[in-house]
Amino acid sequence: MTITRSALLLLGAVLTSATTWAQDSAVAKRPTLHLVAMVERGQYGIAFEPMRTYAAPGDTVRFVQKGALPHNVLFRSGPPAAAVDSLESPMLLEAGATWDVVLDSRFVPGKYHFVCVPHETLGMAGLLYVEPAAAAP
Ligand SMILES: [Cu+2]
């Protein structure tokens, strides 16, 4: 039996596309949407919930106004290479109002500290941990 040249070419094409597909699916990770609520629970319950968020590059963090007082978000600090110092949202006034932060190239991996300006002295603060990007196989 003779394997024709065209059959070999076809086999090669199939193997090549299968390899490409495997690499793409290993790298591709869907960005995740992380919700952080701004809440008031009793006299001392003004807070971001959750207080800590763990995210990956490309994810989005959505802050959601769930209280009656005006809240906002100000990034106080991050890793030295980050470019988010003084990144600040508008004041969120209406219930259900949101502010999205896409973790783009400004957000290098590391730990970020953010506060709500009107309630910083009451302890309304949170932490965002940006994980290193998954290594390519
Ligand atoms: Cu607040």
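Structural data are supplied above this passage.
Residues numbered from 1 in each chain as written. Predicted model: local features only at pLDDT ≥ 70, side-chain atom pairs only at ≥ 80, totals over all residues. Heavy atoms only, no water.

Colleague: So what's going on with the sheet that holds strand β4 (residues 60-65)? Residues and values would help.
Modeller: Strand order across the open sheet formed by four strands is β2-β1-β4-β6, with mixed pairing between neighbours. The outermost strands of the open sheet, each flanked by one partner alone, are β2 (46-49) and β6 (98-102). Going from strand to strand, the sheet's axes swing by 15 degrees on average, the running direction of each strand aside. In this sheet, β2 lies alongside strand β1 (residues 33-40) in antiparallel orientation, the contact comprising four bridges. Note on β2: the bridge partner recorded for Val39 is Ala47. (Pairing = 2+ DSSP bridges. Helix = DSSP H or I, 4+ residues; strand = E, 2+ residues; numbered from the N terminus. Axes fitted to C-alpha atoms, helices over the stretch in contact; angles between N-to-C directions.)

Colleague: Please provide a residue-by-residue account of the pairing of β1, values included.
Modeller: Relative to β4, β1 runs parallel, the two sharing six bridges. Across the sheet, residue Leu33 finds its bridge partner in β4, namely Thr60.

Colleague: Report on the pattern of salt bridges, specifying residues and quantitative values.
Modeller: Following the criterion strictly, the structure yields four salt bridges and no others. Ionic pairing is found between Asp100 and Arg62, a salt bridge with its closest N-O pair at 2.8 Å. Of this pair, Asp100 sits in strand β6 while Arg62 sits in strand β4, and the two are 38 residues apart along the sequence. On the basis of relative accessibility, which here comes to 35%, the residue Asp100 falls in the partly exposed class. On the basis of relative accessibility, which here comes to 28%, the residue Arg62 falls in the partly exposed class. (Salt bridge = Lys/Arg side-chain N within 4 Å of Asp/Glu carboxyl O. Buried < 20%, exposed > 50% of the residue type's maximum accessible area, 1.4 Å probe, protein only.)

Colleague: Let's hear about the packing of aromatic side chains: which residues, and what values?
Modeller: One pass over the structure, following the stated rule, counts nine aromatic pairs. Ring centres 4.9 Å apart and planes at 80 degrees place the aromatic pair Phe48 and Phe114 in the edge-to-face group. Here Phe114 lies in strand β7 (residues 110-115) and Phe48 lies in strand β2, a separation of 66 residues in the sequence. Take Phe48: its relative accessible area is 2%, and that puts it in the buried class. (Phe/Tyr/Trp six-rings, centres within 6.5 Å; stacked < 30°, edge-to-face > 60°.)

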